[in-house]
Amino acid sequence: GFTIFVHRVLFAAAALAVLGGVDHAERRFPRRQGEYLLLLLCSLAGNLGVLVYFTGVDRYFAFLYFAVIIGTAMILGPRMAIVAASVASIALALVFLLYFFSAHPDYRWPLPAVDPYNVQANMARLEFLLPYLFFFALSLHGVAFLAGRLALEVSRIRILNEEILQNMAGGVLAADSLRNIQFVN
């Protein structure tokens, strides 16, 4: 219905904002690209937090945090990937607490722009959500660790290949299938 449409529009707007920001950072600030990519990844994580707020912690938008964490590991390194996993875990826990206090009979905090049925449906599965959040946070950190290791290995192999090419006595010429030269040493 209407709420699914709103979620899709919000997600599309967030994706376009991030893509536009990456394009802007590459064209205008080539030397400070790492700082702007960090800002864009934080923006994407924040946008995902808002989408998780609207839909609940056990819905499909929470799984997009894995992509943010993998991207963080590849662009900013393994330490920042662990930080991104921790921030995502905290964001999911905060959304869970907001839903909990909104549905709890003693508090009844109304959540703006959130369907009350969504809140009640999430709290009906409280016994499921607590272990789910724990293992989801554990898996976010596991992915951050593995993606960080992968990023380090890719960097090591790239450096090794560059060293081999630079220290060769002869030259290297690489061509594609259309016989266009792609690389010359």
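Each remark here, short or long, concerns the structure printed above.
If you're wondering where the values come from, they're calculated on a predicted model, not measured in any experiment. Position labels on residues start from 1 in each chain and follow its written sequence. The model is predicted, so local features are restricted to residues of pLDDT at least 70 and side-chain atom pairs to those at 80 or more, both for listing and for counting; the totals for chains, interfaces and linings are taken over all residues. With hydrogens and water excluded, all non-hydrogen atoms of the structure serve as input to the side-chain values.

Peer 1: Explain the nonpolar core residue by residue, including any values.
Peer 2: Here, nonpolar core means buried Ala, Val, Leu, Ile, Met, Phe, Trp, Tyr and Cys residues that are tied together by side-chain atoms lying within 4.5 Å of each other. Throughout, exposure labels follow a simple rule: accessible area from a 1.4 Å probe, protein chains only, divided by the maximum for the residue type, with under 20% read as buried, over 50% as exposed, and the rest as partly exposed. The biggest cluster of nonpolar side chains holds 34 residues, and the ones touching the most others in it are Val 52, Val 57, Tyr 65, Leu 92 and Leu 140. The helix count covers DSSP runs of H or I at least four residues long, the strand count covers runs of E at least two residues long, and both are numbered beginning at the N terminus. Per element, the largest residue contribution to this core is nine residues, and it comes from helix H4 (residues 78-103). Pairs of residues are marked as contacts when any of their non-hydrogen atoms sit within 4.5 Å. Excluding its chain neighbours within four sequence positions, the residues that come into contact with Val 57 are Val 52, Ala 62, Leu 92, Val 95, Phe 96, Asn 122, Leu 129, Tyr 132 and Leu 133.

Peer 1: Run through the packing of aromatic side chains, naming residues and quoting values.
Peer 2: Between rings of Phe, Tyr and Trp, where Trp is taken as its six-membered ring, a pair exists when centres lie within 6.5 Å; planes separated by under 30 degrees are stacked, by over 60 edge-to-face, and by other angles tilted. Counting across every chain of the model gives eight aromatic pairs. Seen in terms of ring centroids, Phe 100 and Phe 101 are 5.5 Å apart; in terms of plane orientation they differ by 70°. Their pairing is edge-to-face.

Peer 1: Quick rundown of the pairing of strand E2 (residues 181-184)? Include the residues and the values.
Peer 2: Strand direction decides the pairing type here: strand E1 (residues 173-175) and E2, joined by three bridges, are antiparallel. Following the sheet pairing, Ala 175 is matched in E2 by Ile 181. Think of it this way: DSSP has to see at least two bridges between two strands before they count as a pair. Between E1 and the antiparallel strand that follows it, E2, lie five residues; Arg 179 among them carries a positive phi value of about 65°.

Peer 1: I'd love a proper account of a nonpolar patch on the surface, names of residues and values included.
Peer 2: Only residues whose relative accessible area exceeds 30% and that take part in no salt bridge are eligible for patches, with like-charged residues grouped when within 9 Å of each other and nonpolar side chains (Val, Leu, Ile, Met, Phe, Trp, Tyr) grouped when within 5 Å. Note that accessible areas follow from Shrake-Rupley with a 1.4 Å probe, and for residues the cover is restricted to the protein chains shown. By salt bridge we mean one thing: a side-chain nitrogen of Lys or Arg within 4 Å of a carboxyl oxygen of Asp or Glu. Taken together, the side chains of Ile 70, Met 74, Ile 75, Leu 150 and Val 154 present a nonpolar region at the surface, about 420 Å² in accessible area. Elements with a minimum of two residues in the nonpolar patch: helix H3 (65-76) and helix H6 (126-166). The biggest single contributor to the nonpolar patch is H3, with three residues. By secondary structure assignment, the location of Val 154 is in helix H6. Owing to a relative accessible area of 45%, Val 154 belongs among the partly exposed residues under this scheme.

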